[in-house]
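Each chain is listed here by its residues.
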Amino acid sequence: MKTNAGFSAKYQCNKLVYFETFQWIDDAIARKKQIKAGSRKKKIALVGNDNPNWKDLSDDWCD
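Note that the structure is predicted; figures quoted are calculated from it, not measured. (Residues numbered from 1 in each chain as written. Predicted model: local features only at pLDDT ≥ 70, side-chain atom pairs only at ≥ 80, totals over all residues. Heavy atoms only, no water.)

Participant: How should I be thinking about the layout of surface pockets in this particular structure?
Facilitator: Picture a little ball the size of a water molecule; that probe, rolled over the atoms, points out where space is still empty. A volume near 600 Å³ is recorded for the largest pocket. Lining the largest pocket we find 18 residues, and of these Val-17, Tyr-18, Ile-35, Lys-43 and Val-47 sit closest to its centre. Counting residues per element, the ones that place at least two in the lining of the largest pocket are helix H2 (25–37) and helix H3 (40–50). Looking at the lining of the largest pocket residue by residue, the classes come out as eleven nonpolar, no polar and seven charged. (1 Å grid on protein atoms, 1.4 Å probe; cavity = no way out; pocket = protein on both sides within 12 Å on 5 of 7 lines; lining within 4 Å. Points joined across faces, edges and corners; volume = space filled by probe spheres on them. Helix = DSSP H or I, 4+ residues; strand = E, 2+ residues; numbered from the N terminus. Nonpolar A, V, L, I, M, F, W, Y, C, P; charged D, E, K, R; others polar.)

Here it is as structure tokens:
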């Protein structure tokens, strides 16, 4: 059972497989819009290039 309602609970998202960091929020928002406008195939390729095994990148964050 998810403790917080929202996108991740609704769609059962429980892995972080891709992220980017930005110094400026405007750059992050522009990049988010660019990624969202792309096809599913492009998004899968984007993750696959940096994380080919689709490992959960947040696994060791709370150790």
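Don't stop here, the text continues.
Participant: When you look at the pattern of salt bridges in this model, what are you seeing that I'm missing?
Facilitator: Pairs can form between side chains of opposite charge once their charged atoms are near each other. Using the criterion set out here, one finds one salt bridge in the structure. The partner of Glu-20 in a salt bridge is Arg-31, with the nearest N and O atoms 2.9 Å apart. With Glu-20 in the loop between helix H1 (7–10) and H2 and Arg-31 in helix H2, this residue pair connects regions lying eleven residues apart in the sequence. When its relative accessible area of 21% is taken as the criterion, Arg-31 is described as partly exposed. (Salt bridge = Lys/Arg side-chain N within 4 Å of Asp/Glu carboxyl O. Buried < 20%, exposed > 50% of the residue type's maximum accessible area, 1.4 Å probe, protein only.)

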